[in-house]
Structures are given as structure tokens and as C-alpha cells.
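# Residue-level structure breakdown
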Amino acid sequence: MKKMIALVLCLVLALSLVGCSKNNDTVDYKSSDIYSQEEIKSAVECVKDDFKSLHGCKLYSLSYAGDEQTQRETERQLRHESQYEEYIVIDSAFRSPIFGGGGWSAARIYTWNWILGRNAGGEWVVIDKGYC
């Protein structure tokens, strides 16, 4: 009987872990007078790819930061001899690794901006990320 209970508990735990690993992030593409939905989606996909390097973190949401913030960032970048012609800002919310480690506090919610650049309608590249 004890073995059966232990087996059922292990099965429940395994199923719970599988459920926790699903990617349940939400994306708000918003509307823009600067970029098309496809251009924003492309930037979001670039952020998702880069996010994979944050091992142990769980992404909750991404959203286009809006035309005003993107325009401010573009002007800031262009004043500093930037290597790109266009910029976009994506906001994010994510949880740090459950047990922390490295520079992470354990299981803390972070809100970061991701700044991406590109030339002449090319591919987006993450050039900076961090606190809003």
C-alpha cells in the first residue's frame, strides 16, 4: 500500500512539473504608427530567443512599449553614434530562478525593457536589456 501511495505521489509530482514548464507567456503587440504588427512580432520573437539565455527564469509577458517610448529610445540612440537606423522597445515581466543564484534573487518578479535595433528593415538584434 505504501508503495502504491508513493507511486501515485511521484506521478502527481511529475505531472505538476510538466505543467509548470509550459510556456504560458502573454504578448501584447499593441498598435503602432511606426511599426507594423509583423515588425513588432519579429522583435518579440527576437526577445523570446534572447530570453532563453536567462536560465531558470520564467517569462510571463511581453509587450510593445509604445511609439512614444520607442521614439525616445531612437532619438537617444541616434545621438550616441548608433550602429542601427531603427529601434524598438519591448517590455517584459518574468520570474527569476526559483532558488536564485548568480546575480538573481530567488523567485523575484522582474520588469525589464529590451532594446532592439536594425538597419533598413533588416533583422532585429537585442542591443540592451534591463530595468525599466
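Here, every reference points to the structure presented above.
Residues numbered from 1 in each chain as written. Predicted model: local features only at pLDDT ≥ 70, side-chain atom pairs only at ≥ 80, totals over all residues. Heavy atoms only, no water.

### As for helix α2 (residues 37–51)
Note the cut-off: For the purposes of this entry, the term helix denotes a DSSP run of H or I that reaches at least four residues, the term strand denotes a run of E that reaches at least two, and both are numbered from the N terminus. Each residue after the first adds 1.5 Å to the expected span of a helix. The cut-offs for exposure are 20% and 50% of the maximum accessible area for each residue type, with area from a 1.4 Å probe on protein chains only; residues under the lower value are buried, those over the upper are exposed, and the others partly exposed. Here the arc refers to the directions that run from the helix axis out to each C-beta atom. Any two residues whose heavy atoms approach within 4.5 Å at even a single point are treated as in contact.
The end-to-end C-alpha distance of α2 is 21 Å, a good match for the 21 Å that 15 residues give at a rise of 1.5 Å each. Buried within α2 we find I40, A43, V44, C46, V47 and F51. One side of α2 carries all its buried residues, which in axial view fall inside an arc of 155°. Residues of α2 that are buried in the fold lie against β1 (26–28), β2 (58–64), β3 (86–95), β4 (109–118) and β5 (125–131).

### Some thoughts on the pattern of salt bridges
Put simply, the test is: Note on definitions: salt bridges are taken to be side-chain nitrogens of Lys or Arg within 4 Å of carboxyl oxygens of Asp or Glu.
On inspection of all chains with the given rule, the structure shows eight salt bridges. A salt bridge links R118 to E39, with the shortest nitrogen-to-oxygen separation between them at 2.4 Å. Of this pair, R118 sits in strand β4 while E39 sits in helix α2, and the two are 79 residues apart along the sequence. Given the relative accessible area of 4%, R118 is considered buried. Overall, E39 belongs to the partly exposed group, its relative accessible area being 23%. The closest approach of N and O atoms between R118 and E86, which form a salt bridge, is 2.8 Å. Note that R118 is positioned in strand β4 and E86 in strand β3, a separation of 32 residues in sequence. Via salt bridges that share partners, E39, E86 and R118 belong to a single interconnected network.

### Topic: the pairing of β4
Keep this limit in mind: When DSSP finds at least two bridges between two strands, those strands are taken to pair.
Counting buried residues in β4 gives eight out of 10 residues, a clear majority hidden from the surface. Of the strand pairs in this sheet, β3 and β4 are connected by 10 bridges, and their pairing is antiparallel. Bridging from a neighbouring strand, E86 pairs with R118 of β4. Of the pairings in the sheet, the one linking β4 to β5 comprises six bridges and is antiparallel in character. Within the sheet, the bridge partner assigned to W112 lies in β5 and is Y131. Hairpin connection between β4 and β5: a loop of six residues separates the two successive antiparallel strands, and A120 in this loop has a positive phi of roughly 40°.

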